[in-house]
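Examination of the molecular architecture
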Amino acid sequence: MAFNYKNTSLIYLVISFIILLFAISKNSNSYLIITVAIIASALYLTALFFGSYLIQLNFHTKSINRGNKNTKKISITFDDGPNPNITSKLIETLEKHHIKATFFLIGEKIEQNPEIVKLIFEKGHTIGNHSFTHSNLFDLKTAKKMFYEIEKTNEIIFKILGLKIKLFRPPFGITNPMLAKALKNSKMQSIGWSLRSLDTIRTVEKTIKNIKSKLKNGDIILFHDNNPKIIEIIDELILFTQKNGIEIVGIENLLNIEPYENI
Ligand SMILES: [Zn+2]
C-alpha cells in the first residue's frame, strides 16, 4: 500500500470511525479514547506535513525526482529565473563546458526578460514552468488559481518560443491536494530533485562540500540562477564531475522524457 495522501486519509478516517464507535459505546474508557484520538491525529498531521514538504515522497502527486542509478549521469536544474544579472553569465559558463541544464522559470520574470528566455532555449537548454508569481502564499491558493498560474506561464513561453511546456517544478517543492489537481488539469509533469544543493543559504565551499559528499548516479540537483554565487558553484561542480567521470546531461536525456508537447 503506497504512502500517499489518499491512503493515509482513508486510514485516518477508518481509525476515527472506530474511535467514534468506542466513544459512543457504554463502559468505554474516555481517557484511553482521547489518547488514541490525539495520537492518531498527530500521526496524520505529521504525515501531511512531510508528505507536502518532501516532494520525493510522491505523497500528493507523482513527481520525477531522479534518473537511473546505473548510469554515471546527473542533471542540473536552476529555479527562480530568468535573472537579468546572472542567467546570461551562467549560460556562458555552461556553454564553455558544453553542458546542458534545465531552467524552471517564473512567469512574471519571463515577462520582464524575454531575451534571456530566448537565449536559454537557443543554447540548447530545457525550459520548465515554475509558476507565474512564485508567491510565498502559492501553496494556500485554490487549485483554480494554481491552474491559472501554470497556464499563464505556459502561454507566455509559447508566445516567446512557440513551445508548449510540459514540465513543472512546484514552488518551494511543496505539494498539496490543490496543486495535484491543478497539475492534473493542466496535464503537466511535476519534476522534483534528489539533491538539494542549498546554494542560496550556504557558502560556495559548503555547497560544494555538501554536493560532493552526497552526489549519486542519476541525481537531479536543485540550484537557483538568482543566486550570485551560482557561477562559482557550477565551475567547481564541473571540475568535480569531470574528475570523477560523471556526465552532466539535460533532463530529457537523464529521464528519457519529452519536455515539450508536439504541436
Ligand atoms: Zn523556486
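Residues numbered from 1 in each chain as written. Predicted model: local features only at pLDDT ≥ 70, side-chain atom pairs only at ≥ 80, totals over all residues.

Moving on, we get to the overall build of the protein. The helix and strand tally for the protein stands at 10 helices and 11 strands. In terms of overall dimensions, the protein has a C-alpha envelope of 75 × 40 × 30 Å along the principal axes. Across the 263 residues in the protein, those meeting the buried criterion constitute 36%. Considering only contacts within the protein whose residues lie at least 6 apart along the sequence, 78% involve residues at least 24 apart. (Helix = DSSP H or I, 4+ residues; strand = E, 2+ residues; numbered from the N terminus. Buried ≥ 20, exposed ≤ 12 C-beta atoms within 10 Å, placed from the backbone. Contact = placed C-beta atoms within 7 Å.)

In terms of nonpolar packing, the biggest core is built from 46 residues, with F103, L105 and I221 touching the most fellow members. Among the elements that make up this core, the one with the highest residue count is helix α6 (residues 143-161) (five residues). The contact partners of F103, leaving out residues within four places of it in the chain, are F78, G81, I120, H125, I127, G128 and D225. (Core = buried A, V, L, I, M, F, W, Y, C linked by C-beta atoms within 7 Å.)

Let's shift gears to the packing of helix α1 (residues 5-24) against helix α2 (residues 30-53). Orientation of α1 relative to α2, taken along the N-to-C sense of each, is 170°, at an axis distance of 10 Å. As summarised for this structure, α1 and α2 are arranged roughly antiparallel, according to the angle between their axes. Mapping the contact onto sequence places Y5, T8, Y12, I15, S16, I19, F22 and A23 in α1 and I33, V36, A37, A40, Y44, A47 and G51 in α2. For the contact of α1 with α2, the residue count by class is 12 nonpolar, three polar and no charged. (Axes fitted to C-alpha atoms, helices over the stretch in contact; angles between N-to-C directions. Parallel < 35°, antiparallel > 145°, perpendicular 65-115°, else oblique. Nonpolar A, V, L, I, M, F, W, Y, C, P; charged D, E, K, R; others polar.)

What follows concerns helix α8 (residues 204-214). Among all positions of α8, only T207, I208 and I211 are buried. Relative to the axis of α8, the buried residues are bounded by an arc of 95° and lie together on one face. Away from its buried face by more than 90 degrees, α8 exposes E205 and S213. The elements touched by buried residues of α8 are β8 (195-196), β9 (220-224) and α9 (230-243). (Arc of directions from axis to C-beta.)

Its location among the elements puts N58 in the loop between α2 and β1 (63-64). Ignoring any residue separated from it by four or fewer positions in sequence, one finds N58 in contact with N4 and S63.

Take the domain arrangement of the protein next. Domain annotation for the protein reports domain 1 (5-53) and domain 2 (63-261). Using C-alpha coordinates to define each centre, domain 1 is positioned 39 Å away from domain 2. (Domains from an automatic or database assignment.)

With five of five residues buried, β9 is to be regarded as a mostly interior element. The alternating pattern of β9 places I220, L222 and H224 on one face and I221 and F223 on the opposite face, and all of these are buried. Across five bridges, strand β2 (residues 73-81) lies against β9 in parallel orientation. Counted as the bridge partner of T77 is L222 from β9. Note: β8 against β9, two bridges, orientation parallel. Across the sheet, the residue bridging to R196 is L222, located in β9. (Pairing = 2+ DSSP bridges.)

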